[in-house]
Amino acid sequence: MQKLKEEISLLLSSCLPLEPAVIEDLLEIPPDPNFGDLAFPCFTLAKTYKKAPALIADELAAGLTAQKGVYWGRVTAGGPYLNFFIAPEAYGREVLREVWKEGEKYGHCAIGKGRNVTIDYSSPNIAKPFGIGHIRSTVIGHALYLIFRALGYSSIGVNHLGDWGTQFGKLIVAYKRWGDEDQLEADPVDYLYRLYVKFHQCAEEDSSLEDEARLWFKKLEEENCEAVDYWNRFRRLSLENYALIYQLLGIEFEHYHGESHYNKMLDDVIELVLEKGIAEESEGALIVDLEPHGLPPVMLRKKDGATLYITRDLAAAIYRKNTFDFALSLYVVGAEQTLHFQQLFKVLELLGFKWAKDCVHVPFGLIRFKEGRMSTRAGKIVLLEEVLKRSIDMARDIIEEKNPDLADKERAALAVGLGAVRFGDLSNDRIKNIEFDWEKVLDFSGETAAYIQYAHARICSILRKAGPDCGNWNDQAASLLIKEEEIMLIKTLAILPEKIVAAAEVYRPSIIARYLVDVAREFNRFYHNCPVLSSTGELQRGRLLLIGATRQVIANGLALLGIEAPHEM
Ligand code: ARG
C-alpha cells in the first residue's frame, strides 16, 4: 500500500541522509511475512557509516522502538534489514477504502500517461487456419494490451497478418489445379488449408510445382490482375473467419496492417539501407553482414528481386515509429523467431535508429496437446475455434451438473469456457512450453480461471443475500478486521497495483494470473474461518466490506487477462 510506503520513507528520511523517494525505491516486501510487511535494506548505508549493515539495522531499530506510525505498528532489525510490521486496524481500513473508492480502476495508475505502446500480436497467416499455436500470441498479447492500458499507456494493437509471401504462389497454383468453387464458398479457410497441404504433398514428388508457385508469387508482386484477384479473395475469406474468433474473444485491433501493407515502403527501406552503407550486394542479392555482432547475415532482397519477411518487418518498425511515435514496441511472437527479432533490432540499430532499444520481442514457448506439436505443413492442426467451442461445451456440462437451476447458464458457460483456455495459457510462465490438459484447465478446485471465477460468484451470492446496504462504505466497520485470516486477505488485496506494474515490467501476465490464485485462496481461507452472514453488527459490516473489496480485486485482475467474472455460475 502506497500510504504505508510513504509514511515509512518519510520517517526514515528524517534520520538518514537519503531522500524519501530513494528510500521508497529501496523498500522491499519480505518473502516471509514473519519478517515484516515492508523491509528497508541497510546495505547502501554501510559505506556512509562505515559499519556493517546488520549493525546499522540494529541501531535504527533501537532508535525507533518507542515509536509507532499510523499504518505501521512495530519495527525490528532482522540481519541487514529493518522490518516494519503494519498496524492492522488503520492499514486494513486504508486498503479497503482505496479499493472501494477506486472500484473498477483499483490497481490502475497513470505512469504511462501520454505514451504509446504498440503491441504486435495474434498475427495469423492468411489462408492458413487460425491454429492453436496462435492462441498464445493472441491471449498473451491481448493481456499485455490491457495491462499497459491500465498503467495509463495508450495501447495500440496491431495485427501483423501474414498476408504476403511465397505461400500465396503455392495457393494460387493449388487452386488453379484442384480448386473447386463450391467447396471454397462452403468453408473457405478449411478448404484453402487442405489445398495448401495437398500442394506440399504433391510438391514432394513433383518439384516443378514449387517453380510454378514462385512464378505466381512473382506475378503477384508485379500486380498481375489474375494473381491479385486470387490473393484478395483468399485474404478476405480468411479475415472473415478470424473476425469470428476475435469477436468471441472480445478482441479488437486498432490496426490490421498485414505484411502486404508495407509493400509500397520496401523500396525506400532498401534505399535507406544502401545509403547507410550497411548492406552488400552479393550476386544480385542484398545482404547485411551481422557477423561482427555475433549474428548470422540477413538477406533483405533475393537474387530475383523478391523481398523477405524481415524486409517487411524493417519497413513495419519504421512505419510504426513514424506513425505512432511509440515509447515501446512489443512483438508477441513465439520463441522460434528469436533470431529473427535479434537480427531485425540489430539492423534498426545499425541504421542509426536510437529507438531500436525500445523494440522488444516478447517470446513464448510452444503449446502441445497430447498429439504433439501442431504444424500447418503436416496437415495435423488443432483449430483454435474448435478448442474454444469444446471448452465452452465442457464448461456448460460442468455448470449443468453443479448448478442446474442457474438462470443464465449460457453466459456462465462462455465465461468459464473461454476463461479456461485463456487462463490455462496465461497462468504459465510464457517462456515455458505448455501441455494443454482439459482435465486441468477446467478443474474448479485447481489453479484455474474457474476456481477464481467461482470465488467471485460466491462473494456475489453472499452480497446479494446481505442486501443492498453492504454497498455502503463504513470507516468504523472497516477498522475491525484484525483476525489473522482477515489481515492476510487484506494484505493480498493491497498488492494488486504492484503486481500490475511488475507484470508490465517483464511482460508477464502470469504474474497477475498467479496473484489471482492467491487472492482466491486467501478468500477461501478467510471464508472458512470467519463467518460473514452469521456474524453480527459492525463486524458483519466490516466483513462484507472486505469481501466486496475482494470481489472487486478479482474482477479487476481477471479483466486484465481478458477473462470475465460472472456474478453467478
Ligand atoms: N505471421 C507470423 C507467424 O505466424 C507472425 C508475425 C509476427 N509479427 C511480426 N512483426 N513479425 O509466424
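Residues numbered from 1 in each chain as written. Predicted model: local features only at pLDDT ≥ 70, side-chain atom pairs only at ≥ 80, totals over all residues. Heavy atoms only, no water.

### Some thoughts on the packing of aromatic side chains
Counted according to the given criterion, the structure contains 25 aromatic pairs. Among the aromatic residues, those joined into a ring-pair cluster are Tyr121, Tyr145, Tyr246, Phe253 and Tyr256. A cation over an aromatic ring shows up here: Arg74 above the ring of Phe85, its NZ or CZ 3.9 Å from the ring centre. (Phe/Tyr/Trp six-rings, centres within 6.5 Å; stacked < 30°, edge-to-face > 60°. Lys NZ or Arg CZ within 6 Å of the ring centre and 35° of its normal.)

### Quick notes on the site of the ligand
Residues in close proximity to the ligand include Asp120, Ser123, Asn125, His134, His160, Tyr309, Asp313, Tyr331, Val333, Gln337 and Phe341, which together make up its full environment. Asp120 is positioned with one of its side-chain polar atoms (N or O) 2.7 Å from a nitrogen atom of the ligand. Between the ligand and Gln337, the relevant distance is 2.9 Å, taken from an oxygen atom to a side-chain nitrogen or oxygen of the residue. Contact with the protein chains removes 89% of the 350 Å² of surface that the ligand exposes when unbound. Within the shell around the ligand, the residues separate by chemical class into four nonpolar, five polar and two charged. (Near = heavy atom within 4 Å. Polar contact = N/O pair within 3.5 Å; in protein donor to acceptor, adjacent residues only side chain to side chain. Areas by Shrake-Rupley, 256 points an atom, 1.4 Å probe, with all protein chains shown as cover. Nonpolar A, V, L, I, M, F, W, Y, C, P; charged D, E, K, R; others polar.)

### Some words on the pairing of strand S5 (residues 154–158)
Of all five residues that make up S5, four are buried, and the element is covered over most of its length. Across five bridges, the pairing between strand S4 (residues 116–120) and S5 is parallel. Note on S5: the bridge partner recorded for Val117 is Ser155. (Buried < 20%, exposed > 50% of the residue type's maximum accessible area, 1.4 Å probe, protein only. Helix = DSSP H or I, 4+ residues; strand = E, 2+ residues; numbered from the N terminus. Pairing = 2+ DSSP bridges.)

### Remarks on the sheet that holds strand S1 (residues 38–41)
Ordered by their spatial adjacency, three strands build an open sheet running S1-S3-S2, and the pairing between neighbours is antiparallel. Each edge of the open sheet carries a strand with a single partner, namely S1 and strand S2 (72–78). In this sheet, adjacent strand axes meet at a mean angle of 20° when their direction is disregarded. Examined bridge by bridge, S2 and strand S3 (residues 81–86) share six bridges and lie antiparallel to one another. Each residue of the ladder has a partner; that of Val75, found in S3, is Phe84. (Axes fitted to C-alpha atoms, helices over the stretch in contact; angles between N-to-C directions.)

### Here's the deal with helix H7 (residues 166–178)
Residues that lie three or four places apart on an α-helix share one face, since the helix turns once every 3.6 residues. Along its 13 residues, H7 runs 18 Å from first to last C-alpha, staying within 8% of the 18 Å computed at 1.5 Å per residue. For H7, every residue scored as buried is listed here: Gln167, Phe168, Gly169, Lys170, Leu171, Ile172, Val173, Ala174 and Tyr175. Those residues of H7 hidden inside the fold are in contact with helix H8 (181–186), helix H9 (188–205), helix H10 (208–221) and helix H11 (225–249). (Expected span 1.5 Å × (residues − 1). Contact = heavy atoms within 4.5 Å.)

### Considering the sheet that holds strand S7 (residues 285–288)
Taking strand neighbours across the sheet as the criterion, the three strands line up as S6-S7-S8 in an open arrangement whose pairing is antiparallel. The open sheet has two edge strands, strand S6 (279–282) and strand S8 (298–301), and neither has a second partner. Going from strand to strand, the sheet's axes swing by 35° on average, the running direction of each strand aside. Note: S6 against S7, four bridges, orientation antiparallel.

### Here we look at empty space enclosed by the protein
Gaps left between atoms show up when a probe the size of a water molecule is rolled over them. Applying the stated criterion across every chain, the model contains one cavity of 30 Å³ or more. Taken as a whole, the largest cavity encloses approximately 40 Å³ of empty space. (1 Å grid on protein atoms, 1.4 Å probe; cavity = no way out; pocket = protein on both sides within 12 Å on 5 of 7 lines; lining within 4 Å. Points joined across faces, edges and corners; volume = space filled by probe spheres on them.)

### As for helix H15 (residues 384–402)
For H15, with 19 residues, the first-to-last C-alpha span of 27 Å sits near the 27 Å given by 1.5 Å per residue. Within the span of H15, buried status applies to Leu384, Val387, Leu388, Ser391, Ile392, Ala395 and Ile399. The arc that holds the buried residues of H15, viewed along the axis, is 130°, so those residues lie on one side. In H15, the exposed positions angled more than 90 degrees off the buried face are occupied by Asp397 and Glu401. For H15, the elements touching its buried residues are helix H6 (133–150), H11, strand S11 (367–369), helix H16 (409–426) and helix H17 (438–441). (Arc of directions from axis to C-beta.)

### Some thoughts on the side chain of Glu259
Of note, Glu259 is situated in the loop between H11 and helix H12 (266–275). For Glu259, the contacting residues outside a window of four places in its chain are His160, Leu161, Gly162, Asp163, Trp164, Tyr309 and Arg312.

### Comments concerning the packing of helix H20 (residues 484–494) against helix H21 (residues 496–505)
The interhelical angle for the contact between H20 and H21, taken along N-to-C directions, is 40°, at an axis separation of 5 Å. Viewed along their axes, H20 and H21 adopt a mutual orientation that is oblique. Of the residues in H21, those touching H20 at Thr492, Leu493 and Ala494 are Leu496, Pro497 and Glu498. When grouped by side-chain class, the residues that make up the contact of H20 with H21 number four nonpolar, one polar and one charged. (Parallel < 35°, antiparallel > 145°, perpendicular 65-115°, else oblique.)

### Focus on a negative patch on the surface
Taken together, Asp267, Asp268, Glu271 and Glu275 make up a surface patch of like negative charges. Within the element layout of this structure, Glu271 appears in helix H12. (Patch = residues over 30% accessible without salt bridge, like charges linked within 9 Å, V, L, I, M, F, W, Y side chains within 5 Å. Salt bridge = Lys/Arg side-chain N within 4 Å of Asp/Glu carboxyl O. Lys, Arg positive; Asp, Glu negative; His and termini not counted. Charge placed at Lys NZ, Arg CZ, Asp CG, Glu CD.)

### Some thoughts on the packing of H20 against helix H22 (residues 510–529)
Packed helices, taken two at a time, are described by the angle their axes make and the gap between the axes. With their axes 9 Å apart at the nearest point, H20 and H22 run at an angle of 160° to one another. Judged by the angle between their axes, H20 and H22 are roughly antiparallel. Every pair of crossing elements has a handedness; the one defined by H20 and H22 is left-handed. Residues Glu484, Glu485, Glu486, Met488, Leu489, Thr492 and Leu493 of H20 form the contact with H22, whose participating residues are Tyr515, Asp518, Val519, Glu522, Phe523, Arg525, Phe526 and Asn529. (Left-handed = near helix turned anticlockwise from the far one by under 90°.)

### Considering the side chain of His361
Note that His361 resides in strand S10 (residues 359–362). Of note is the side chain of His361, whose polar atom sits 2.8 Å from the backbone oxygen of Val333. Beyond its immediate sequence surroundings of up to four residues, His361 is in contact with Tyr331, Val333, Gly334, Ala335, Gln337, Thr338, Phe341 and Phe345.

### Observations regarding the pattern of salt bridges
Across all of its chains, the model carries 35 salt bridges by this definition. Between Arg235 and Asp163 there is a salt bridge whose closest N-O contact spans 2.9 Å. Residue Arg235 is found in helix H11, and its partner Asp163 is found in the loop between S5 and H7; the two are separated by 72 residues along the sequence. Assessed through its relative accessible area of 0%, Asp163 is described here as buried. A single network of salt bridges, built from pairs that share partners, joins Lys3, Glu94, Arg97 and Asp475.

Everything listed is a geometric property; what it means functionally is a separate question.
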